[in-house]
Structures are given as C-alpha cells and as structure tokens.
Amino acid sequence: HRKFQIIDNSCMHFNDISAKDWGNYSFNGESAQTHINVSDGMSSIADLLHADLQQEIQFNKIVELIYWKSEEYPGKSNKILIKCEDGSSYTTNNLICTISMGVLKRTHLQLFQPPLPKKHSNVIENIGFGTINKIFIRFEQRWWDDGWKGLQLLWNDDHNDDSHWTKFISGFDVAYPAPDNTLVAWIGGKGAVEMEHFDNQVISSELMKIIRKFMNREDI
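Just so we're clear, the structure is a prediction, and the values are computed from it rather than from any experiment. (Residues numbered from 1 in each chain as written. Predicted model: local features only at pLDDT ≥ 70, side-chain atom pairs only at ≥ 80, totals over all residues. Heavy atoms only, no water.)

1. Let's talk about the layout of surface pockets
Here comes step 1: Taken as a whole, the largest pocket encloses approximately 1100 Å³ of empty space.
Here comes step 2: What lines the largest pocket is a set of 25 residues, among which Glu56, Ile57, Gln58, Leu95 and Ile96 lie closest to the centre.
Here comes step 3: Within the residue set of the lining of the largest pocket, elements represented by two or more residues are helix 2 (43-52), strand 1 (63-67), strand 2 (80-84) and strand 3 (89-92). (1 Å grid on protein atoms, 1.4 Å probe; cavity = no way out; pocket = protein on both sides within 12 Å on 5 of 7 lines; lining within 4 Å. Points joined across faces, edges and corners; volume = space filled by probe spheres on them. Helix = DSSP H or I, 4+ residues; strand = E, 2+ residues; numbered from the N terminus.)

Next up, the structure:
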C-alpha cells in the first residue's frame, strides 16, 4: 500500500503525502486503470486541438510577463496582456497556463503581474512533485492467459528492505491499449531515480528475475 501511494502521488517518501483531502476524490471511474495510454501518443491530442484552431500556433515564444489584471498595465484594454522576450506581445480575454510545476515554482513571482493571490502562490510554493516511471516490457509472445490482469508484488520480511531499486516496483499490469504481449511496471520513490542510471538491458534483466520469481516459472 505504501508503494502504491508513493507512486500514485509521485513523491519520494510516504510522509510527503498530505492527508487533508484524503478520500474526497475519485479517478478514472474507480477502474484504477491508470496505466491506460493514448493509443497514438499524447501528441495526437495536440494534433486534434490544432486541427480545430483557426489561428496560427506560435512556437519558440518565451513568455516574459503576464499582466493578468488589465488595470495594472498602460492602456487598460480589459484584456490579459502577454509579453514575450523577443518583444512581441499578445492580448486575450482568457488565458490557460499549463506551466510545469518546476518552472512555475521558479518563475511565478516574476512572471505574473501583479503577483498571484496569496492562496495561489502558497499552493505553488508548497506543492511537491517527484519522479515516477513506467517501464514497458514487450515479449515475443504473450505468456499469460486471457483475463489475467497483472502481477502485484508482496515481499516477505526477509526481502522487505529497500536496498535495491526493484523493491520500489509495485507490480506489473497488462498495458492497454497496446500490443497484447506488453506489460507495464510501475516504480516510484528513490527506486525510480536510481533505475534511470541503468541501460535497458540491465533493467529488463532485473525485471525478468522478479517476474520469474513471483510467477514461479523459469520458462518465461
């Protein structure tokens, strides 16, 4: 359970998790199939949105300032003003910012003019984010039966330490949508960080050891 929570909340330690709104949310229709992937990749969503847009999309525009209250800048045109480092500027009635949390933490005090309300800036300053990885394993052919959902890992006390990065894996799920010979492993905490130092061959070798052990099969 601790591993699931560390992975689902993308944190390094169990004590990083806030319990303020515990139990007050639901996700994905309670199916818990959070490993489901967009079949044509995340870029397909942007492509669909782009097809519906009538205006041109601007690339490589580094936003320098966002005047989100019209009375705060000259002209007071009742619009939001966005200024870019190259000197260009844009006005709009509405603005959606999808800035990554790391960038937002570093820049929000300078980026938004006037500064965002205190309750918003407090959330930005205090919210955490960490590393979570999904490892996809594609076999030459499927070795599990129809209806098999995956494999979750429970170690006995002799193997319950966190000395090896694989101990941070919660289990393996059948990836969907994907070729039916594909599993996805979830890993979080410091194990997710450590595994990034190894090449694919080392990672796949370690994962196969776990699968064979827990499935009690050497023919996989």
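2. A look at the sheet that holds strand 2
Here comes step 1: Taken in spatial order, the four strands make up an open sheet running 3-2-1-4, and their pairing is mixed. The strands lining the two open edges of the sheet, one partner per strand, are strand 3 and strand 4 (112-113).
Here comes step 2: Bridging between strand 2 and strand 3 involves four bridges; their strand directions are antiparallel. Paired with Ile82 across the two strands is Tyr90, which belongs to strand 3. (Pairing = 2+ DSSP bridges.)

3. Some points on unusual backbone geometry
Here comes step 1: Note the cis peptide between Gln113 and Pro114, where omega equals -10°.
Here comes step 2: Along the chain, the position of Pro114 falls in the loop between strand 4 and helix 4 (118-126).
Here comes step 3: Even without being glycine, Ser10 reaches a positive phi, approximately 50°.
Here comes step 4: Tracing the backbone shows Ser10 in the loop between helix 1 (2-8) and helix 2.
Here comes step 5: Residue class for Ser10 comes out buried when judged on its relative accessible area of 17%. (Buried < 20%, exposed > 50% of the residue type's maximum accessible area, 1.4 Å probe, protein only.)

4. Some words on the nonpolar core
Here comes step 1: In this structure, Phe139, Phe172, Leu207 and Ile211 are the most contacted members of the largest nonpolar core, which totals 24 residues.
Here comes step 2: When residues of this core are traced back to their parent elements, those giving at least two are strand 5 (132-138), strand 7 (169-174), strand 8 (182-188), helix 5 (189-195) and helix 6 (200-215).
Here comes step 3: For this core, the element with the most residues is helix 6, which contributes five residues.
Here comes step 4: When sequence neighbours within four positions are dropped, the list of residues in contact with Ile211 reads Ile137, Phe139, Trp143, Leu151, Phe172, Leu183, Asn216 and Ile220. (Core = buried A, V, L, I, M, F, W, Y, C linked by side-chain atoms within 4.5 Å. Contact = heavy atoms within 4.5 Å.)

5. Let's talk about the pairing of strand 7
Here comes step 1: Burial of strand 7 is extensive: six of the six residues sit out of reach of the surface.
Here comes step 2: Judged from the three bridges that link them, strand 6 (residues 150-152) and strand 7 form a sheet pairing that is antiparallel. Following the sheet pairing, Gly150 is matched in strand 7 by Asp173.

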